[in-house]
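Chain and residue survey
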Amino acid sequence: AEEGHGEHQLGGVALVMKSGKTTLGLKSTLKSLRQGKAELVIIANNCPPLRKSEIEYYAMLAKTGVHHYTGNNIDLGTACGKYFHVSVLSITDPGDSDIIRSMPTES
């Protein structure tokens, strides 16, 4: 069941990349959180702990959901359709995707 869920995640992220708006990377994610534009933050499982806690802290202040992605930054980059590693991304506009409703977030 876990692997099927991972595939669902990939599809959701890919749909957002096509139809919605995302920001990739730490700086732009923190910026979108500070501006209150982020709807959901996705963090790869091999994101450094200090960076992860910084993102989670900003997300808590912004009352934004954080999703811990099951794959590493290479998988997340692939899910975004990019040829580089992505350890954190924020979704500012989900577009046609229901990813924000379907993601189990930890509040």
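Residues numbered from 1 in each chain as written. Predicted model: local features only at pLDDT ≥ 70, side-chain atom pairs only at ≥ 80, totals over all residues. Heavy atoms only, no water.

Comments concerning the nonpolar core
- With 13 residues, the main nonpolar core has Val13, Ile42, Leu76, Leu89, Ile91 and Ile99 as its most contacted residues.
- Secondary structure elements with two or more residues in this core: α1 (2–19), β2 (40–43), α4 (73–79) and β4 (88–93).
- Listed in part, the 10 residues of the second largest apolar core include Leu33, Ala38, Ile43 and Val66. (Core = buried A, V, L, I, M, F, W, Y, C linked by side-chain atoms within 4.5 Å. Buried < 20%, exposed > 50% of the residue type's maximum accessible area, 1.4 Å probe, protein only. Helix = DSSP H or I, 4+ residues; strand = E, 2+ residues; numbered from the N terminus.)

Focus: the sheet that holds β2
- With mixed pairing, the 4 strands of this open sheet are ordered in space as β1-β4-β2-β3. Each edge of the sheet is formed by a strand with only one pairing partner; in this case those strands are β1 (21–24) and β3 (65–68). Across the sheet, the mean angle from the axis of one strand to that of its neighbour is 20 degrees, orientation sign disregarded.
- Bridge count between β2 and β3: 4 bridges; the pairing is parallel. If you follow Val41 over to β3, its bridge partner there is Val66.
- This element, helix α2 (residues 26–34), spans β1, β2 and β4 of the sheet and lies at about 40 degrees to β4. (Pairing = 2+ DSSP bridges. Axes fitted to C-alpha atoms, helices over the stretch in contact; angles between N-to-C directions. Contact = heavy atoms within 4.5 Å.)

Notes on α2
- Taken as a whole, α2 has its buried residues at Thr29, Leu30, Ser32 and Leu33. Buried residues along α2 cover an arc of 160 degrees about the axis, so they all sit on one side. Structural note: α2 exposes Lys27 and Arg34 on the side pointing more than 90 degrees away from its buried face.
- Check the buried side of α2 and you find it contacts β1, β2, α3 (49–61) and β4.
- Just beyond α2, the residue with positive phi is Gly36, at close to 75 degrees. (Arc of directions from axis to C-beta.)

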